[in-house]
Amino acid sequence: MSRRTLVTRAVASAATVAFLASPAAAVAAPDPAADGGPTSRPSAAPQVARAAVDPADKITTAATKAFRAEEETDFWLRFAGETDLSAAGGITSWSERGDYVYETLKAAAEASQEQAIAALEESGTEYTSYWATNAILVEDGSLALATDLAADAQVLEVRPTTRHALEEPETTEGAVPDAAATSTYGIKAINADDMWAKGFTGDGIVVAGLDTGVSRTHPALSAQYRGATSGSNYNWFDSTGAGATSPRDDDGHGTHTMGTMVGTDDGAMNIGVAPGAEWIAANGCADTCADATLIASGQWLLAPTRLDGTGADPARRPHVVNNSWGLSLSSDPFMEDVIGAWEAAGIFSTWSNGNDGELGCESSGSPGSRQASYSVGAFTPSGTIAPYSSRGPGQSGTVKPDIAAPGSSVRSAVPGGGYEQWSGTSMAAPHVAGAVALLWDAVPELVGNVPATRAILDGSAKDVNDTSCGGNVDDNNVWGEGKLDVLAAYEAAQGQQFTTTPAPVINAIEPSVGGALVVDPDPVWDPVADFTYQWRRDGAMISGANKFLYQPQPADAGARITVTVVGSADGYLPTAVTSEPTEPIGIGDLASSAPTISPTAKVGTTLYAKSGAWTSGTTFTYQWFANGTAISGATGFTFVPTSTHRGKQLTVTISGKRAGYAPESRTSPAVTVGYGAFVMAAPRISGMSYPGATVSAVAPPATPARTTTTYQWKVDGRNISGATKSTFKIPASYDGRKLTVTVTGKRPGISTKSVTSAHSTVDAKFSASPTPTISGSARVGAKLTVKTGTWRPAPAFTYQWLADSVPISGATSSSYTVKGPQLGKKISVVVTARKFGYATVVRTGGPTGAVAKPATAIPANGGYLVGGNNVAAGTYVAQAGTRLCAWQRESRTEVLGWDYGFGQRIATVKSTDYGFWSDECGAWSKYYSGMAAPKTRTFNNGVYVLGDQLQRGTYVTTGPANGEGGGCYYAIMKEFTADANRDQLVEYASVTEPTTVTLPSTAKGFETGNCTWQRVS
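Since this is a predicted model, take the numbers as computed values, not measurements. (Residues numbered from 1 in each chain as written. Predicted model: local features only at pLDDT ≥ 70, side-chain atom pairs only at ≥ 80, totals over all residues. Heavy atoms only, no water.)

Participant: An account of the layout of surface pockets is requested, with residue identities and associated values reported.
Facilitator: Estimated volume of the second largest pocket: approximately 860 Å³. Along the walls of the second largest pocket sit 40 residues, with Ala-88, Gly-89, Arg-97, Ala-344 and Gly-448 positioned nearest its centre. Within the residue set of the lining of the second largest pocket, elements represented by two or more residues are α2 (94–123), α8 (336–344), α10 (450–460) and β24 (575–578). Counting residues per element, the lining of the second largest pocket draws most heavily on α8, which supplies seven residues. Split by residue class, the lining of the second largest pocket holds 20 nonpolar, 13 polar and seven charged. (1 Å grid on protein atoms, 1.4 Å probe; cavity = no way out; pocket = protein on both sides within 12 Å on 5 of 7 lines; lining within 4 Å. Points joined across faces, edges and corners; volume = space filled by probe spheres on them. Helix = DSSP H or I, 4+ residues; strand = E, 2+ residues; numbered from the N terminus. Nonpolar A, V, L, I, M, F, W, Y, C, P; charged D, E, K, R; others polar.)

Right, dumping it as structure tokens:
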């Protein structure tokens, strides 16, 4: 078996399953609750909230024993949860209903099994996944592997597999009972021959046997095989893996039961209840009736495949499945989830109730004893209950069997072309399966409606009064509802059919995309019914289209639409009727409105094309026009007019498209492009304002940039003649007067703007006003101090430090400690001197050279004491490069934290530490934030400060950079202390596959080793 077998198997556990023919062979089927495990059936929900469970507690007692007996053995992983298939019953199309059940179960199994399959793939263990009963069969696995897999929260339990030998059944020879001249007594007893007389033989219905197989060449069965002309793809499932390409039966049990369902005459006597039906088969009990082969067969019946297991097609599933096997004296839930899936898909299943009647009451066998199963007891040719027919009650006091059918001395086909009489509830169940085929042929409204069919069979059965095991005349634990009577069932169903069921009529209010189709309310059913609706596109169901009215969608363009109504009324069978198709749906007209341009159109202003109200989902293209001429390249949602557009009429045309609709274009009203406006701050006067001094006008940049700048100096608000340069020499006569400068900016298409500075009062001049100097090292972390020199008279000083001429926020003291963002920039300081009666003087000191990186704070290699004049507490950075850097924090007696790796390393030393040691890391410098723009990609190795050196967000890696260097290691850090107990780590792991991590806001750092990471969000 391959590591990934693309067939899914169901989980079940150990117990004995018997063919319910008497005296027939015992076979085996698994019991999910037989060894002390949970009794709830397996299900397929991918998300299940469960309390934490010790993985060892999920391994059942029987599984533990199996591991003790053999170190490596096959075992089952069963997964928790339930899959809701209730919506399937409302789907009227046979193929669509089957697809829904198949896809829903597969999706649920894939979701819940994902982690377990990944672990199995990684370990190289052989396994097979199943979706019909959410489980995985693991081959040759150990207890350690089972425990690891059980740690997955989705795993419900670990169970052993079961395999049992099959005993050959014995036949009962004797005279054929008296009956109609051409039929067995069983056909006559259930009035099947009367149904034939009415023209109903099971035509159009497909029955299946989950049994030992069927003899393909038997003359009573060969013509009815669905693959008689088309071949065995989708018609035969060989669960043994032997590769049989055509149905076969080495035992005879499956051939005998199939003969009772659909066999023709043997030359003298008819043997089959529904000889007009077709058959397919799965030989889940061909070898040992093992749990895996039964589940694999049950799954195949939901979605038959080709012989090679490919091309699953739920539309080819059978209508009826007979199951003449079971677990003696049991109410085990084995196969119950598969039975539920069958019913959801519209498959009617029949079950033998057991052959332990001689043991008395409560002798029913599973699955027949379960509420979910429709089980069958056996009666004799004389009409009495067979002694071996098991009695109820079944699960939770349920009346069992559900019904009784002929089961003793039943003549049917056996391999080799012959016929034999066998006895057992194995022979009774196929009578019911054949009867359902007749009933569904006669009453198509019942096809797929399992609950209604069961109710009709129950209500029409002939009551037999035997309350020896409980119950009443109508329903007791010996006969169930009584003797099967298919003619009475047909007559009861006739009484539940509507008299008049006119097809719905579609009124096309607007037969185009975006229009409306509505069901005409005039056609009235007799009796009056309540309706549900399903709209279809060229015959295929339209998901979610189940209202009285339907609005055609883009996908409907060119298609013909029909509506199927299902009428329901109390006491009547739900009936589906489909309308005539519409004419092909036309394309729709887009709802649209003229766009508008916003805000006011000016040169340099970003304009937006507002689309207005259009049909939802419309996509747009744009073209801007000036005076009716398309503007080259102006095809976006926004547009910025230039000076060439001033005074012109601007419009925008929006072209809308949406699938299923005719394209539409709309043009906005024209707007005139006006002058733009400068954003321009007031200038300032630079220099000392005293007689004889020259001052300068400093004009900040404007947006957009000025193409022409002019100046006008003023004194006391009046223009100074000829003072139109950027500098002005103050005359001696200006003592005490107020000096300002007006700057005027011009640019084509932009309104001229003038701004005036604050006034500067012309005062006396300081006799001494030296240029300040800066002392200290221009290095991140270093302290710089301004030296003002000696001023006469002494003023009061204020300070402003700058980096590359840009003021540093908050840096207004006589000293400044350089921060990380100033790395590489030049530092200067503006000193402002003020004294009453003297002109305010502004002097600039510096600039320094470009700010260097921080100085070494901890030398390379060796150990150093912490505190005092030694290593100070704080965070440090070293660049190890390709060297393997190792460092540690120490107390007097132990290592408090340690780390090693390549690339950049970061370490935080605490004030309580005794010492710090490093090797091959290089020198350590104090860490300062802001020294570089945060990156969105890491190197192969290194440690990063989040939010400063590395952006936060979600990162991905493709895996190890060097396959020979081990896995990709990563760690998310709360701090850089490298605590020995790893308390400083939020998360860490070593991975070998592509991986995604999200860096939380609570984390400070990220480390990577042997892999790069790229930010994706």
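Participant: Let's hear about the packing of α2 against α8: which residues, and what values?
Facilitator: Packing of α2 against α8 leaves a shortest axis separation of 9 Å and a crossing angle of 145 degrees. Mapping the contact onto sequence places Arg-97, Val-101 and Leu-105 in α2 and Ala-341, Glu-343 and Ala-344 in α8. Residues of the contact of α2 with α8, tallied by class, amount to four nonpolar, no polar and two charged. (Axes fitted to C-alpha atoms, helices over the stretch in contact; angles between N-to-C directions. Contact = heavy atoms within 4.5 Å.)

Participant: Talk me through the state of the cysteines; I want residue IDs and the actual numbers.
Facilitator: Under the counting rule described, the total for this entry stands at three disulfides. Between Cys-361 and Cys-469 runs a disulfide, and the two sulfur atoms are separated by 1.9 Å. Taking the torsion about the sulfur-sulfur bond, which here is approximately -85 degrees, the covalent link between Cys-361 and Cys-469 counts as left-handed. Remark: Cys-469 occurs in the loop between α10 and α11 (486–494) and Cys-361 occurs in the loop between β13 (348–352) and β14 (374–379); sequence separation between them is 108 residues. Look at Cys-361 and you get partly exposed, because its relative accessible area is 36%. At a sulfur-sulfur separation of 1.9 Å, the disulfide partner of Cys-885 is Cys-921. For the disulfide bridge between Cys-885 and Cys-921, the dihedral angle about the S-S bond is near 80 degrees, and by the sign convention the bridge is right-handed. Linking Cys-885 in strand β55 (residues 885–890) with Cys-921 in the loop between β58 (915–919) and β59 (924–926), this pair joins segments that are 36 residues apart in sequence. Grouping residues by exposure puts Cys-885 and Cys-921 together as buried. (Disulfide = S-S within 2.5 Å. Buried < 20%, exposed > 50% of the residue type's maximum accessible area, 1.4 Å probe, protein only.)

Participant: Report on the sheet that holds strand β21 (residues 540–541), specifying residues and quantitative values.
Facilitator: Across the sheet, four strands lie side by side as β21-β20-β23-β24; this open sheet has antiparallel pairing. At either margin of the open sheet sits one strand with a lone partner, and together these are β21 and β24. (Pairing = 2+ DSSP bridges.)

Participant: Explain a nonpolar patch on the surface to me, using residue names and the numbers behind them.
Facilitator: Judged by side-chain polarity, Leu-884, Val-895, Trp-898, Tyr-900 and Phe-902 come together as a nonpolar surface patch covering roughly 480 Å² of accessible area. Take Val-895: it is sitting in strand β56 (residues 895–901). (Patch = residues over 30% accessible without salt bridge, like charges linked within 9 Å, V, L, I, M, F, W, Y side chains within 5 Å. Areas by Shrake-Rupley, 256 points an atom, 1.4 Å probe, with all protein chains shown as cover. Salt bridge = Lys/Arg side-chain N within 4 Å of Asp/Glu carboxyl O.)

Participant: Got a sec to walk through the sheet that holds strand β53 (residues 862–865)? Specific residues and values, please.
Facilitator: On the basis of which strands lie adjacent, the open sheet formed by four strands has the order β53-β58-β55-β56 and antiparallel pairing. At either margin of the open sheet sits one strand with a lone partner, and together these are β53 and β56. Adjacent strand axes in the sheet meet at a mean angle of 15 degrees when their direction is disregarded. As defined by bridge partners, β55 adjoins β56 across six bridges and the pair is classed as antiparallel.

Participant: How would you sum up empty space enclosed by the protein? Please name residues and give values.
Facilitator: Enumeration according to the criterion identifies two cavities of 30 Å³ or more in this entry. The wall of the largest cavity is formed by Ile-339, Glu-343, Ile-347, Phe-348, Ser-349, Ala-372, Tyr-374, Val-450 and Arg-454. At the level of secondary structure, the elements contributing two or more residues to the lining of the largest cavity comprise α8, β13 and α10. The class makeup of the residues in the lining of the largest cavity is six nonpolar, one polar and two charged.

Participant: Just give me the short version of the nonpolar core, but keep the residues and values in it.
Facilitator: Residues Trp-279, Val-432, Leu-439, Leu-446 and Leu-457 are the most contacted members of the largest nonpolar core, which totals 59 residues. Residue contributions to this core peak at eleven residues, all from helix α9 (residues 425–442). Counting residues in hydrophobic clusters, the runner-up holds 41 residues, among them Tyr-533, Ile-585, Ile-597 and Ile-750. (Core = buried A, V, L, I, M, F, W, Y, C linked by side-chain atoms within 4.5 Å.)

Participant: Tell me about the pattern of salt bridges, residues and numbers included.
Facilitator: Across all of its chains, the model carries 17 salt bridges by this definition. A salt bridge links Lys-462 to Asp-485; the nearest nitrogen and oxygen atoms lie 3.7 Å apart. Here Asp-485 lies in the loop between α10 and α11 and Lys-462 lies in the loop between α10 and α11, a separation of 23 residues in the sequence. Residues participating in the shared-partner salt-bridge network are Arg-78, Glu-157 and Arg-159.

Participant: Account for unusual backbone geometry, naming residues and giving values.
Facilitator: Put simply, Ser-366 and Pro-367 share a cis peptide bond, and its omega is 0 degrees. Here the residue pair Thr-703 and Pro-704 is connected by a cis peptide bond, since its omega of -10 degrees sits within 30 degrees of zero. Relative to the helices and strands, Pro-704 is located in the loop between β38 (702–703) and β39 (708–715). Backbone geometry places Met-335, a non-glycine residue, at a positive phi of 75 degrees. Within the element layout of this structure, Met-335 appears in the loop between β12 (325–327) and α8. For Ser-805, which is not glycine, the phi dihedral falls at a positive 70 degrees. As for its position among the elements, Ser-805 is in the loop between β47 (796–803) and β48 (806–807).

Participant: Summarise the confidence of the model for the protein; cite the residues concerned and give the values.
Facilitator: Chain-level pLDDT for the protein is 89 on average; 93% of the residues reach the 70-or-more range. Contacts for the low-pLDDT stretch residues 1–16, under 50 throughout, to residues beyond four places or in other chains number 86 contacts. Confidence drops under a pLDDT of 50 for residues 22–51, and excluding neighbours within four residues, the segment shows 139 contacts in the predicted structure. (pLDDT = per-residue confidence, 0-100.)

Participant: How would you summarise helix α7 (residues 291–302) if you had to cite specific residues and measurements?
Facilitator: Counting along an α-helix, one turn takes 3.6 residues, and residues three or four places apart therefore face a common direction. Taking 1.5 Å of rise per residue, the twelve residues of α7 would be expected to cover 16 Å, and the 17 Å separating its terminal C-alpha atoms lies within 8% of that figure. For α7, the tally of buried residues reaches twelve of twelve residues, placing the bulk of the element in the interior. Restricting attention to buried positions, one finds in α7 the residues Asp-291, Ala-292, Thr-293, Leu-294, Ile-295, Ala-296, Ser-297, Gly-298, Gln-299, Trp-300, Leu-301 and Leu-302. (Expected span 1.5 Å × (residues − 1).)

Participant: Describe the packing of aromatic side chains, with residues and values.
Facilitator: The description of two aromatic rings rests on the distance between their centres and on the angle between their planes. Inspection of every chain in the model, using the stated rule, returns 35 aromatic pairs. Note on Phe-620 and Tyr-622: the rings are 6.5 Å apart at their centroids and 50 degrees apart in plane angle, and the pair reads as tilted. In this structure Phe-620 comes out as partly exposed when scored by relative accessible area, which is 26%. Members of the aromatic cluster, each reached through a chain of ring pairs, are Tyr-608, Trp-614, Phe-620, Tyr-622 and Phe-637. In this structure, Arg-317 is placed above the aromatic ring of Trp-94, and the distance from its NZ or CZ to the ring centre is 3.7 Å. (Phe/Tyr/Trp six-rings, centres within 6.5 Å; stacked < 30°, edge-to-face > 60°. Lys NZ or Arg CZ within 6 Å of the ring centre and 35° of its normal.)

Participant: Which residues make up the pairing of strand β27 (residues 607–610), and what are the values?
Facilitator: Along β27, the buried face is formed by Leu-607 and Ala-609; none of Tyr-608 and Lys-610, which line the opposite face, is buried. Judged from the three bridges that link them, strand β26 (residues 596–598) and β27 form a sheet pairing that is antiparallel. Within β27, the position partnered with Ser-598 by the bridge is Tyr-608. In the sheet, β27 pairs with strand β30 (residues 638–639) via two bridges, with the strands oriented antiparallel. By the bridge assignment, Leu-607 is partnered in β30 with Phe-639.

Participant: An account of the packing of helix α6 (residues 253–262) against α9 is needed here, citing residue identities and associated values.
Facilitator: Axis separation between α6 and α9 bottoms out at 8 Å; the angle between their running directions is 40 degrees. α9 is crossed by α6, and the crossing has right-handed handedness. Each of His-253, His-256, Thr-257, Thr-260 and Met-261 in α6 lies in contact with α9, whose residues at this interface are Ser-426, Met-427, Pro-430, His-431, Ala-433 and Gly-434. (Left-handed = near helix turned anticlockwise from the far one by under 90°.)

Participant: Requested: an account of the environment of Ile-827, with residues and values cited.
Facilitator: Within the secondary structure, Ile-827 is located in strand β50 (residues 827–834). Along the sequence, Ile-827 and Leu-802 sit 25 residues apart, while their C-alpha atoms lie 5.7 Å from each other. Sequence-distant contacts of Ile-827, that is, excluding residues within four places in its chain, are made with Ile-774, Leu-784, Trp-801, Leu-802, Ala-803, Ile-808, Gln-822, Gly-846, Pro-847, Thr-848 and Val-851.

Participant: Please give an account of the environment of Ala-873 that cites residues and values.
Facilitator: Within the element layout of this structure, Ala-873 appears in the loop between β53 and β54 (874–879). Not counting the four nearest positions on each side in its chain, Ala-873 is found in contact with Val-909, Lys-910, Ser-911 and Lys-926.

Participant: Let's hear about the environment of Val-986: which residues, and what values?
Facilitator: Mapping Val-986 onto the fold places it in strand β63 (residues 985–991). With 151 residues separating them along the chain, Val-986 and Lys-835 place their C-alpha atoms 59 Å apart. The contact partners of Val-986, leaving out residues within four places of it in the chain, are Ile-972, Met-973, Lys-974, Pro-1000 and Ala-1003.

Participant: With reference to specific residues and values, describe the pairing of strand β42 (residues 738–747).
Facilitator: With seven of its ten residues buried, β42 lies for the most part within the structure. Looking at chain direction, β39 and β42 are connected through eight bridges and run antiparallel. Bridge pairing links Thr-710 to Thr-744 in β42. With two bridges connecting them, β42 and strand β44 (residues 760–761) associate as antiparallel partners. Bridging across to β44, Leu-739 finds its partner in Ser-760. One ladder, built from five bridges, connects β42 with strand β43 (residues 750–756); its direction is antiparallel.

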